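Notes for the structure review
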Amino acid sequence: MLQKHKITPEDFKGYEGTFEYLNITRPDIIQDIHKQYLLAGAMVMDTNSFGGNRIKLKEAGLENKVYELNYAAAQNAKEAIKSLGIKDAFVMGSMGPTGFLPSSTDPTLGNISFNELSDVFEEQAKALIDGGADLLLLETQHDILEVKAGIVGARKAINSSCKEVALQVQVTVDQYSNMLFGTHILTALTIIKDMGVDVFGINCSTGPTEMENTIKLLSENSPLPISIIPNAGMPENVDGKAHYKMTPELFADVISNYLTKYRINVIGGCCGTTPDHIKNVKIKAESLKLTDRISNPKNQNINQLPTFCSPISIKEGKIAPLIIGERINSQGSRKAKDLMLQDKYDELIDLAKSQEQQNADLIDCCFAMTERPDEELQLSTFSKKVAYTTNAPLCFDSTEASVLESAVKSYAGKPLINSINLESDKIHQILPIVKRFGLSTIALCINEQGMAKTAEQKIAIAKKIYNIATNDYNLKAEQLVFDTLTFTLATGEDEWKNSAIETFEAIKLLKKELPGVKTVLGVSNVSFGLSPSARKILNLVYLHTAVEYGLDMAIFNAEHFHPISELNKDEVALAKALILNQGASTLTNFIEHFQKIEKQSAPAKDNKQVVTEKLPLNKAIQQKIITRDKEGIVDLLEQLRQTMKAEEIINTVLLPAMKIVGDKMETGEIILPFVLESAEIMKKSITHLEQYLDKNSNMSKGTIVLATVFGDVHDIGKNLVKTITENNGYKVIDLGKQVPADKIIETALTEKADAITLSALLVTTSKQMQIIVEKLNELGKKIPVIIGGAAINDNFAKTISNINGKQYAGGVFYSKDAFSGLKILEGIINDSKKSH
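Cut-off values and rules
- Residues numbered from 1 in each chain as written.
- Predicted model: local features only at pLDDT ≥ 70, side-chain atom pairs only at ≥ 80, totals over all residues.
- Heavy atoms only, no water.
- Phe/Tyr/Trp six-rings, centres within 6.5 Å; stacked < 30°, edge-to-face > 60°.
- Helix = DSSP H or I, 4+ residues; strand = E, 2+ residues; numbered from the N terminus.
- Buried < 20%, exposed > 50% of the residue type's maximum accessible area, 1.4 Å probe, protein only.
- pLDDT = per-residue confidence, 0-100.
- Contact = heavy atoms within 4.5 Å.
- Axes fitted to C-alpha atoms, helices over the stretch in contact; angles between N-to-C directions.
- Parallel < 35°, antiparallel > 145°, perpendicular 65-115°, else oblique.
- Left-handed = near helix turned anticlockwise from the far one by under 90°.
- Nonpolar A, V, L, I, M, F, W, Y, C, P; charged D, E, K, R; others polar.
- Domains from an automatic or database assignment.
- Buried area = accessible area lost by both parts, 1.4 Å probe.
- Core = buried A, V, L, I, M, F, W, Y, C linked by side-chain atoms within 4.5 Å.

1. Description of the packing of aromatic side chains
Under the definition given, this model contains 13 aromatic pairs. Measuring from centroid to centroid gives 5.4 Å for Phe-181 and Tyr-388, while their planes differ by 55°, and the two rings are tilted. With Phe-181 in the loop between strand 4 (166–171) and helix 7 (185–192) and Tyr-388 in the loop between helix 14 (375–386) and strand 12 (394–397), the pair connects residues that are 207 residues apart, well separated along the chain. By relative accessible area, Phe-181 is classed as buried at 4%. A centroid spacing of 5.1 Å and a plane angle of 45° characterise the contact between Phe-504 and Tyr-542, whose relative ring orientation is tilted. Placement of Phe-504 in helix 19 (residues 499–513) and of Tyr-542 in helix 20 (residues 532–548) is noted, with a sequence separation of 38 residues between them. An identical accessibility class is assigned to Phe-504 and Tyr-542; each is buried.

2. Here we look at the confidence of the model for the protein chain
Any residue range with low pLDDT should be treated as having predicted coordinates unsuitable for detailed reading. Per-residue confidence for the protein chain gives a mean pLDDT of 91, with 95% of residues at or over 70. Ignoring residues within four places in sequence, the model shows residues 599–606, a span with pLDDT below 50, making 7 contacts including any to other chains.

3. A look at the packing of helix 24 (residues 617–626) against helix 25 (residues 633–640)
Two numbers describe how helix 24 lies on helix 25: the axes approach to 10 Å, and their chain directions differ by 155°. The orientation of helix 24 with respect to helix 25, classified from their angle, is roughly antiparallel. In the crossing of helix 24 with helix 25, the sense of the turn from one axis to the other is left-handed. Here Leu-617, Asn-618, Ala-620, Ile-621, Lys-624 and Ile-625 of helix 24 come into contact with helix 25, specifically with Ile-633, Leu-636, Leu-637, Gln-639 and Leu-640. Of the residues belonging to the contact of helix 24 with helix 25, the class tally is 8 nonpolar, 2 polar and 1 charged.

4. Digging into unusual backbone geometry
Here the bond from Asn-418 into Ser-419 is cis, since omega is 20°, no more than 30 degrees from zero. Here Ser-177, not a glycine, exhibits a phi torsion of approximately 70°, which is positive. Along the polypeptide, Ser-177 turns up in the loop between strand 4 and helix 7. On the basis of relative accessibility, which here comes to 0%, the residue Ser-177 falls in the buried class.

5. Details of the domain arrangement of the protein chain
Under the domain assignment, the protein chain is made up of domain 1 (1–171), domain 2 (196–303), domain 3 (322–564), domain 4 (617–692) and domain 5 (703–835). Once you take the C-alpha centre of each, domain 3 and domain 4 turn out to be 38 Å apart. Across the contact, 5 residues belong to domain 3 and 6 residues belong to domain 4. Summed over both partners, the interface of domain 3 with domain 4 comes to about 490 Å²; 44% of that surface belongs to carbon and sulfur atoms.

6. Concerning the nonpolar core
By size, the foremost hydrophobic cluster in this structure holds 225 residues, and its most contacted members are Leu-136, Phe-200, Phe-382, Phe-482 and Leu-654. One finds Val-705, Ile-787, Ile-792 and Ile-803 within the second-largest nonpolar core, a separate group that totals 28 residues.

7. Some remarks on helix 24
Considered for burial, the residues of helix 24 that qualify are Ala-620, Ile-621, Gln-622, Lys-624, Ile-625 and Ile-626. Taken from the residues just after helix 24, Arg-628 is the one with a positive phi, measuring 60°.

Right, here's the structure in full:
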């Protein structure tokens, strides 16, 4: 719409390309656009503040204008409504992404803290509210951790304003319903649904047709009102301008069809949707008379979502018990503690993965140690590193509120908190964290007198915790997981002989008297003091018996879990007699049985190790790269080096492995974080082999000059291209973002580049690509140019390669992502070799 007004450089007053600045310099244009949509029938005006956060404005030198620009944005929308005399129209304060990916462990993409992000959104939200916004919109969000930070910041601003301001959150997903880092739409919904969000939905990225699967999932699962704001189809770049093919009539027909089929509450248009699109949608929607979507906005007939999840996916419901893997615990695992003391996070991540492979449903994480004072730093660091490596959500195990809060802010998923009790006032430090992030927490049946021993005592404490959590902090019953406590049965003392029975009875009563709550037990305590073989049997029988009484979850070594039907019946009987106190000699009988038999079993090998041991060396190395298993890869490389030169290993083993990884990503078999993990192992392998290369040999497959074009500050895609290309054997000269055309060309000529790769997110900046191609042509150069970005397509590549009726000799190639760019590069290099 702004392009139609033919904005001039003078309108920007020296800040060309910063459209938010027009709120101050050309409020007449902004208000005119708002009026066009209001007259088309729109009820809500999205403010001209998408890039109005401090981080984005700093790129233009306007970071000190955050308040002024956002306040003006809201005022412009409000003034447009007022000038038309419309009473039932609202101002929605738009807040787009910052450009960072806080979930990423990349030192550039993820170089921002949760608190910094939260403050950025709070600052912008405050200005929008003060300017008259009736609701806030977090929109076009790529990274679920930034979404969490945005919600926290927005809610702070809302609470401090003392105004009734709603919060709408919209993520952007692909046709498979996944966000950029692979977070599924239902995972995103699970993570944010209890964080104080009023409306949740999707916008941008695709047209309405590609959104249907996501809309269906939201309609079937969202407890919140749903917003659907698609583009007018997929964009095409025509002469440097975005062109959207979907007509207003077709757009409205598709939306109308969805309104009939699915439970949608808010509809509208994103990129390419003109007032005519909105007018047609309004007419269609009103004809359907769906007034109940307003009077009763929440969908009652939905599937139940879990109360915790990883940032990748939610686990399908399974029969109890859910297993919380207990091996990443400084208090209970010598191996884990040794790794923690040495900051060996990669090995700890492998430990988490192995537990998931053994069917652990969650991973308990405890880093508390007397030997180190930095529990908070360690748990937060591990949380971020492990987040996208496993589908199992984390359980944060700490007594310190600050440690738990820091970990929650570092983790992109929705963790379980472990734990609260009534031993001290720490419950009032931890429950505000649980409430703010919409989490669940384990609640121990402990008070100032100590651990409850009888079922009656356990229930009394549980009810008191329940009342505090639900009344004082407005938590739901399903957010509470009660631990009725496990005591050892190995002492033989009368005081503890009925302890298991009391624990089980408490579980049964809790389920009856506090409907909706969950229960959990730390199982291994029951066998403390017994031999390893005896412990395994007693733990399993205790667990299965607890499940019979209603137990939902167990903190347990997943490697040792087996169905009770697979156990020795005589041993089960001995264990059950001890657990249920069915005789004076039950403990003696149990111990004597295991003293008579000696069970020896070799430790189970890791699944990946078993697989790689059966493969030839070259295939074993490739398997490790593909499955993201770095352990032992250096040893395998050294073995293979006895029969193969380092250069040959790189060319025939390592590089083909990364090609397989790329193919798997293209087919959707793996997600971006996994690709980056494989790339890191690839890098480690090449670094190791470099010492054996001939000093005169040049291992580089080619030299690439990479840049985000002038006027464009978006570099997430460019940085991904760099990582993938470098780890496939190319020398990459990364010039960064906002790079002038002359500098790109000069560098390419100086470095004798085999290709130039250009990135641009915006339609307006894509013109720089055309300038570069034309300048290369004027110089008589034949350097291939690869282009990519959200606004770029194959037609645009063909258009700019045609200069005055002749094709640019070097060729212009469109790349839809990093791996397709890699294939193009391979073709260019191979053609170059043939011509020589």
